[in-house]
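So you can see what is in the structure, the chains are spelled out below.
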Amino acid sequence: MEAHVAQYSSRLLQQEKEIKLLAAEIDRLKNFDCLEVSPSLEGLRDENTKLKYRLNVLQKSLQEERNKSRKSMININSRVQEIFRDAIKAAYPDLENPPLAVTPSQQPKFGDYQCNSAMSITKMLLKTSEQKVSPREIADHISRNIPDNEYTEKVEIAGPGFINVHLRKDFVSKQLSSLLVNGVQPPAIENRKKVVVDFSSPNIAKEMHVGHLRSTIIGDSMCRLFEFVGYDVLRLNHLGDWGTQFGMLIAHLQDKFPDFLTVSPPIGDLQAFYKESKRRFDTEEEFKKRAYQCVVLLQSKNPDFIKAWKLICDVSRKEFQKIYDCLDIKLIERGESYYQDMMKDIVQEFEDRGFVQMDDGRKIVFVPGCSVPLTIMKSDGGFTYDTSDLAALKQRLFEEKADIIVYVVDSGQSVHLQTIYAAGQMIGWYDPAVTRVVHAAFGVVLGEDKKKFKTRSGDTVRLIELLEEGLKRSMDKLKDKERDKVLTEEELKAAQISVAFGCIKYADLSHNRMNDYIFSFDKMLDDRGNTAAYLLYAFTRIRSIARLANIDEEMLQKAARETKILLDHEKEWKLGKCILRFPEILQKILDDLLLHTLCDYLYELATTFTEFYDNCYCVEKDRQTGMIAKVNMWRMLLCEATAAVMAKGFDILGIKPVQKM
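Residues numbered from 1 in each chain as written. Predicted model: local features only at pLDDT ≥ 70, side-chain atom pairs only at ≥ 80, totals over all residues. Heavy atoms only, no water.

Chemist: Looking at this model, I keep getting lost on the pairing of strand β9 (residues 362-365). Mind explaining?
Modeler: For a regular strand, side chains alternate in direction, first toward one face of the sheet and then toward the other. By the bridge criterion, four bridges tie strand β8 (residues 356-359) to β9 in an arrangement that is antiparallel. When the bridges of β9 are listed, Val356 appears paired with Val365. (Pairing = 2+ DSSP bridges. Helix = DSSP H or I, 4+ residues; strand = E, 2+ residues; numbered from the N terminus.)

Chemist: Hey, could you run me through the sheet that holds β9 in this one?
Modeler: Hydrogen bonds between backbone atoms are what pair the strands of a sheet, whose relative direction is either parallel or antiparallel. The strand order across the open sheet formed by three strands is β8-β9-β10, and the pairing between neighbours is antiparallel. Taken across any chain shown, the strands that pair with only one partner, and hence form the sheet edges, are β8 and β10 (374-377). Neighbour to neighbour, the strand axes of the sheet diverge by 45 degrees on average, direction disregarded. (Axes fitted to C-alpha atoms, helices over the stretch in contact; angles between N-to-C directions.)

Chemist: Hey, could you run me through the sheet that holds strand β5 (residues 194-198) in this one?
Modeler: Here we have five strands laid out as an open sheet, ordered β7-β6-β5-β11-β12, and parallel in their pairing. Sheet topology places β7 (332-333) and β12 (436-439) at the edges, where each strand pairs with a single neighbour. Of the strand pairs in this sheet, β5 and strand β11 (residues 404-407) are connected by four bridges, and their pairing is parallel. Paired with Val196 across the bridge in β11 is Ile405.

Chemist: Please explain empty space enclosed by the protein as it appears in this structure.
Modeler: Any empty space left between the atoms is revealed when a probe the size of a water molecule rolls over them. Scanning the model with the defined rule gives two cavities of 30 Å³ or more in all. As a volume, the largest cavity reaches approximately 60 Å³. Lining the largest cavity, in full, are Ser72, Met73, Ile74, Ile76, Gln175, Ser178, Leu179, Leu580 and Pro583. Counting residues per element, the lining of the largest cavity draws most heavily on helix α6 (residues 169-182), at three residues. Per-class residue counts for the lining of the largest cavity are six nonpolar, three polar and no charged. (1 Å grid on protein atoms, 1.4 Å probe; cavity = no way out; pocket = protein on both sides within 12 Å on 5 of 7 lines; lining within 4 Å. Points joined across faces, edges and corners; volume = space filled by probe spheres on them. Nonpolar A, V, L, I, M, F, W, Y, C, P; charged D, E, K, R; others polar.)

Chemist: In this structure, what is going on with the layout of surface pockets? I would like to understand it.
Modeler: Put simply, the largest pocket is a space of about 1,300 Å³. Together, 45 residues line the largest pocket, and Ser201, Asn203, His209, His212 and Asp410 are the ones closest to its centre. Put simply, the parts of the chain that give the lining of the largest pocket at least two residues each are α7 (210-228), α9 (270-283), α13 (385-398) and α14 (414-426). The element contributing the most residues to the lining of the largest pocket is α7, with five residues. Estimated volume of the second largest pocket: approximately 680 Å³. Contributing to the lining of the second largest pocket are 23 residues, with Trp242, Gln299, Gln340, Gly382 and Phe383 lying nearest its centre. Residue assignment for the lining of the second largest pocket shows that the elements contributing at least two residues are α10 (285-299), α12 (343-352) and α13. Partitioned by chemical class, the residues of the lining of the second largest pocket number seven nonpolar, 10 polar and six charged.

What follows is the structure, encoded as structure tokens:
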């Protein structure tokens, strides 16, 4: 991904060359203006106009590229990697694909970054040319080939062949100033990609439960990250809004509300309505037959049955929206019904390509490397989830023209989705080397007993009740800390919502999504350790420093332009470097889609800030009067940079901090 830096510079140079050539061509054409008008001259003048237009477009494009380049935050790790990539190539030009290992140093005595490639190169040389060279010699040879650059102060060789890299303080200081002047900007990206994220995806006529929580929260955060770096993101809610279950729901609707076509039915509890229809379907043979007839009429697009279907969907949609409003989730609804008209063509395409086999009247597809075949048509001629998922994949590839498709679905669907992806590759819909189609799998939510999270009666936990409980507990927590005595009613309400929903989201996102996690309100709301409660309190404390020193935003902006950020104290230096690791963290998540990395980083940033604040006076007061005697503005700027990065991190996680708590 980071090869864009070299390509970016090359593209700018190419544009500049083209502009010079075009400008010279325009000057040449100007010489014809004094000649008598002729058809050939008219052609030249048309060419002149076109060239001027092209020149103008290119100049604007070039300026935009330069502005982006100046504003984008630099991924320092990637830049250091590039330096060592060049150094290794210069030192060992005959070595094919030499290993490149650059990581942030764990201890200050080992510098700021560390290159650990020498040991691996030793093994490669021994294997390829039978040369016996010590890692330390190789490290020395690499070090002597490091090109001049603006990032590194010095390199040192340590131990058996580690290369310790020390960054230049003036470079770090300038990057911090740039962050404050331009705001927290995304790292430069090579191309603007189209991304489709399939997440949340509850079923119509069933309430959203805690199982939908993870997909909704994780999917939203991924979308926020993709949007921040400048990708074109389509947030899709793949609702379960089609299928045989609608037959029994419509049949039950006809019996319970026979005038539903003229009078809107008062279905208050759709979950109870679903359970009633399911009980009848399982116990009443006549009802079951009628339910199947309703399915056939619905699939044939009978207007009355389409209206009944829409009524049921609308009731569910309103309930889902309450959840999405609470969690500030934006989605475009595109359920299974959206793909119904495409399914016949999908079956035909697989048949035409010779991939379909018959099995007891079913049409199935065996996919190489997959243990379970796909059923693309049932023996009664109906379609399946396999068919609709294939149709959805094709639509996203060919109509949406997606470069990246992410399915945020639980781990239990892994085999199914991998088979769908493999079938898409087999039939030639996409090349995984060009288009990234990925299952962002996640584990289940457990109760504190480490069993699947359920109510005491054994029912699935309703999501709306969980959110209401979160609001109650966060208010109790704020009142325990007597925040109700210092905050206005409006500020208290904002803090309650921020803590409640922020803690629920962070508890999920701070765990590796692949693992199961234990849902515990007590742990979530604990303001010690790696929790949203701790980070939100830390953020409000950082924001209050400038406010209590009577420094407003305008003064901070002026200082950002005029005041050099000093990094002489070890804690200033540590904090400055930590702040600038933000683009590196985002790049890692773009690569592996593991959001807990961002949570870990924000916690590290908050604790690093605490070390800085405990050791470095930002505001010095007169010991006798308590009045402000001196403001160390460069340290105030470090506070502001920390808060700015934390705020952007919260935004990507879907958490809304408050100024007062």
